[in-house]
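So you can see what is in the structure, the chains are spelled out below.
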Amino acid sequence: MALRITRNISRFWEWGRKIICVGRNYADHAKELKNAIPTEPVLFLKTPSAYVREGSPILVPLYTSNLHHEVELGVVIGKGGTAIPQSAAMEHVAGYALCLDMTARDIQDECKSKGLPWTLAKAFNTSCPVSEFIPKERIPDPGNVKLWLKVNDQLRQSGCTSQMIFSIPYLISYISDFITLEEGDLILTGTPKGVSAVQEHDELQAGIEDVVTMSFRVDRRDQ
């Protein structure tokens, strides 16, 4: 009889297999980047090597001179599935995490102009800072969560998940139609307006109001 390996969901970043990101899920953010407001979710992926935890720095890739912060609510999948109906979607959620989607905006713009994928702009090492795991019970209404981000104590982003175009149950259902969701997967649900560039030595602080805060320093890779 095969033994089932029990994994600790509260350390999902150590063994989760994929990070599925939703772009342009806040209308004001789509507008600030002069993008059309989507009629269906815009998806892209990060690799697990993108994870970074407090105490380690965000490393600016050598190829970018315009690294942007994007604060997001992350949804941690606790039960996998394919073609999950919206009505059952929240049964698949184990909890949440506060996340940053670090983006090499100059590289993204260049890729978009050439019709190329955004991978180098989005999936580099340390491009997904994450907070501690937040159990599901601590966020009873993920559709009404206030997010904020400061750079060097200056408020840059402040928004609420009630502004999302596509709800969390809709996103889980939509994604699972095409990509099987697995235990430990993370869904990044999009960022509110206010994204801007960060520099080497900047200090980033982010929070979910009344739930969690985290802070990261920005460094540049030596080589």
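Just so we're clear, the structure is a prediction, and the values are computed from it rather than from any experiment.

Visitor: Describe the overall build of the chain, listing the residues and the values that go with them.
Guide: Scanning the chain from N- to C-terminus turns up four helices and 16 strands. Relative to its length of 223 residues, the chain is compact, with a C-alpha radius of gyration of 17 Å against a globular reference of 17 Å. Burial status across the chain gives 51% buried among its 223 residues. For the chain, the share of sequence-separated contacts (at least 6 apart) that also reach a separation of at least 24 residues comes to 77%.

Visitor: Please provide a residue-by-residue account of the sheet that holds strand S11 (residues 146–151), values included.
Guide: Taken in spatial order, the five strands make up an open sheet running S4-S16-S15-S11-S12, and their pairing is mixed. In this open sheet, the two strands that pair with only one neighbour each are strand S4 (58–60) and strand S12 (154–160). Neighbouring strand axes in the sheet, compared pairwise and without regard to direction, differ in orientation by 20 degrees on average.

Visitor: Quick rundown of helix H4 (residues 168–178)? Include the residues and the values.
Guide: Owing to its 3.6 residues per turn, the α-helix brings residues three or four apart onto one side. Among all positions in H4, only Ile168, Leu171, Ile172, Ser173, Tyr174, Ile175 and Ser176 are buried. Tucked into the core, H4 has its buried residues touching strand S1 (19–23), strand S2 (42–46), strand S6 (71–77), strand S7 (93–100) and strand S13 (186–188).

Visitor: Let's hear about empty space enclosed by the protein: which residues, and what values?
Guide: On inspection of all chains with the given rule, the structure shows one cavity of 30 Å³ or more. As a volume, the largest cavity reaches approximately 130 Å³. Lining the largest cavity are 17 residues; nearest its centre among them are Gly23, Arg24, His29, Glu70 and Lys122. Mapped by element, the contributors of at least two residues to the lining of the largest cavity are S1 and helix H2 (105–114). At three residues, H2 tops the list of elements feeding residues into the lining of the largest cavity.

Visitor: I'd like a rundown of the sheet that holds strand S8 (residues 103–104), residues and numbers included.
Guide: Sheet architecture is open: three strands sit in the order S8-S5-S14, paired in antiparallel fashion. Across the chains shown, the open sheet's two edge strands, defined by having one partner strand only, are S8 and strand S14 (197–198). Looking at chain direction, strand S5 (residues 67–68) and S14 are connected through two bridges and run antiparallel. Considered in S14, the bridge of histidine 68 is made with alanine 197.

Visitor: Tell me what's going on with the packing of aromatic side chains, and back it up with residues and numbers.
Guide: Per the stated rule, a full pass over the model turns up seven aromatic pairs. Pairing phenylalanine 44 with tryptophan 118 gives two aromatic rings, centres 5.5 Å apart and planes at 55 degrees, and the pair type is tilted. Of the two residues, phenylalanine 44 sits in strand S2 while tryptophan 118 sits in the loop between H2 and helix H3 (119–122), which places them 74 residues apart along the sequence. Comparing phenylalanine 44 with tryptophan 118 shows no difference in burial state: the two are buried. For the ring pair phenylalanine 166 and tyrosine 170, a centre distance of 5.5 Å and an interplane angle of 20 degrees mean the geometry is stacked. Judged by relative accessible area, tyrosine 170 falls into the partly exposed class, the value being 28%. Site record: aromatic cluster; members linked through ring pairs are Phe12, Trp13, Tyr51 and Phe133. Above the plane of the ring of tryptophan 13 lies arginine 53, whose end atom (NZ or CZ) is 3.9 Å from the centre. Above the plane of the ring of tryptophan 148 lies lysine 150, whose end atom (NZ or CZ) is 5.5 Å from the centre.

Rules and cut-offs
Residues numbered from 1 in each chain as written. Predicted model: local features only at pLDDT ≥ 70, side-chain atom pairs only at ≥ 80, totals over all residues. Heavy atoms only, no water. Helix = DSSP H or I, 4+ residues; strand = E, 2+ residues; numbered from the N terminus. Rg over C-alpha atoms; globule rule 2.2 N^0.38 Å. Buried < 20%, exposed > 50% of the residue type's maximum accessible area, 1.4 Å probe, protein only. Contact = heavy atoms within 4.5 Å. Pairing = 2+ DSSP bridges. Axes fitted to C-alpha atoms, helices over the stretch in contact; angles between N-to-C directions. 1 Å grid on protein atoms, 1.4 Å probe; cavity = no way out; pocket = protein on both sides within 12 Å on 5 of 7 lines; lining within 4 Å. Points joined across faces, edges and corners; volume = space filled by probe spheres on them. Phe/Tyr/Trp six-rings, centres within 6.5 Å; stacked < 30°, edge-to-face > 60°. Lys NZ or Arg CZ within 6 Å of the ring centre and 35° of its normal.

Just distances and angles here, no functional claims.
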